[in-house]
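Now for the letters of each chain:
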Amino acid sequence: MNDITTTASEQAKALVGRHYRLTDPYEVGREKIREFARALQDGHPAHRHEDAALRLGFDGLVAPLTFSSIVLMLMQRKMFESVLTGYDLGQVLQTEQSIQVHRPMVAGDEVRCDSYIESFRQFGDKDFMVTKNVLSNQYKEVLQTAHTTAVAQTGVDIAADLRAAVEGVIMTGQSTTDRSDAAAARSTGEDSGLIECFEETAQPDSPDEPRTPRTVPAFEDLSVGMELAPRAVQISRGDLVNYAGVSGDSNPIHFSDVVARSAGLPDVVSHGLLTMGLGAGYLTSWLGDPAAVTRYGVRFAGFAPVQAAKASTIEFQGRVKQLDSDRRAATIALTATCGERKLFGRATADVLLR
């Protein structure tokens, strides 16, 4: 390993157990909720119309389940700009994401994000980091607890042709030079958007009156092994570019043929979190209640390649894995495939039913 690699790995290892917070809360706007739902092809009316959200018991539009990925992406970018500066963000990939839902995000929420670096381990030339992110609102109510596993390849330098390709198409403000400028700004005391915290975050509480799910299927309608109707979703290059803009994930492997091929990929590929979000939409369209999901986790196994002039098709399937009669809850196992490619290594969701 070279000196840069050693510095990056040692830097990450030394941060285990530390706690950081975004300095500004993220304000959840109703138009952003609509944009995000559109990017996920999620047509549930509670994401678009206040009266539909009100019928589900909410005063504002309900954000799609994976809307929090916008805040998590912002936190990740600030972490790599401020405290994990030894890594090249272009070589960092998410391998697993889980979301525990305590309260749905709704329009008007001011979301604070606290991030804990929980663990670090090395396997060969790869560094694995697990972070816990706690999202709470202006009333100190915990909305979600999200765990992210990211892997960084550290044993090799980025090929010159890949670095040149990335620098040629990357969004302004995200290049290697700009990151150096950001480091210089921090040394002069400018706000990096991130602070280290030494206090505990708010803990999830139980509402005084638990919400009654408004699901289409009732608990009695389900049986272990029951299969959900499959759903096929088409994604085009336009969908990828739109999701990149809405979510803040500007990695050029999702829109540049040159960068994707320089990185060894067969074509431009879909965002893992886009696929996860599409899977969440498949689940909530079956439920009929986007607030009925209490946990959703995905281990990513692959990307869906998307050609320049032809949309790709992702097929989602679901199966009832477990039932809990005391809680009127079910665990659903999900699969996602694109042609012969398996996109989810493992994906499950816990849901409550009427």
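Keep in mind it's a predicted model, so treat the numbers as computed, not measured.

The rules we used
- Residues numbered from 1 in each chain as written.
- Predicted model: local features only at pLDDT ≥ 70, side-chain atom pairs only at ≥ 80, totals over all residues.
- Heavy atoms only, no water.
- pLDDT = per-residue confidence, 0-100.
- Contact = heavy atoms within 4.5 Å.
- Axes fitted to C-alpha atoms, helices over the stretch in contact; angles between N-to-C directions.
- Helix = DSSP H or I, 4+ residues; strand = E, 2+ residues; numbered from the N terminus.
- Parallel < 35°, antiparallel > 145°, perpendicular 65-115°, else oblique.
- Left-handed = near helix turned anticlockwise from the far one by under 90°.
- Nonpolar A, V, L, I, M, F, W, Y, C, P; charged D, E, K, R; others polar.
- Buried < 20%, exposed > 50% of the residue type's maximum accessible area, 1.4 Å probe, protein only.
- Pairing = 2+ DSSP bridges.

A. Structural detail: the confidence of the model for the protein. Summarising the model, the protein shows a mean pLDDT of 90, and 89% of its residues fall at 70 or more. Residue range residues 1-5 is modelled with pLDDT below 50. Its contacts to residues more than four positions away, or to other chains, number 9 contacts.

B. Here's a closer look at the packing of helix H2 (residues 30-39) against helix H7 (residues 237-247). Remark: H2 packs on H7, axes separated minimally by 9 Å, with the N-to-C direction vectors making an angle of 150°. Classified by the angle their axes make, H2 and H7 are roughly antiparallel. Note on packing geometry: the crossing formed by H2 with H7 is left-handed. Residues Lys 32, Glu 35, Phe 36, Arg 38 and Ala 39 of H2 lie in contact with H7, whose contacting residues are Asn 242, Tyr 243, Gly 245 and Val 246. Here the residues of the contact of H2 with H7 sort into 4 nonpolar, 2 polar and 3 charged.

C. View of the pairing of strand S6 (residues 142-153). Of all 12 residues making up S6, 10 are buried, and the element is well covered by its neighbours. Bridge analysis of strand S3 (residues 92-101) against S6 gives 9 bridges, and the strand direction is antiparallel. Paired with Leu 93 across the strands is Val 151, a residue of S6. Here strand S5 (residues 126-136) runs beside S6; their pairing, made up of 11 bridges, is antiparallel. Bridge pairing in S6 places Phe 128 opposite Val 151. Counted along the chain from S5 to the antiparallel partner S6, the turn is 5 residues long, and its residue Lys 140 has a positive phi close to 65°.

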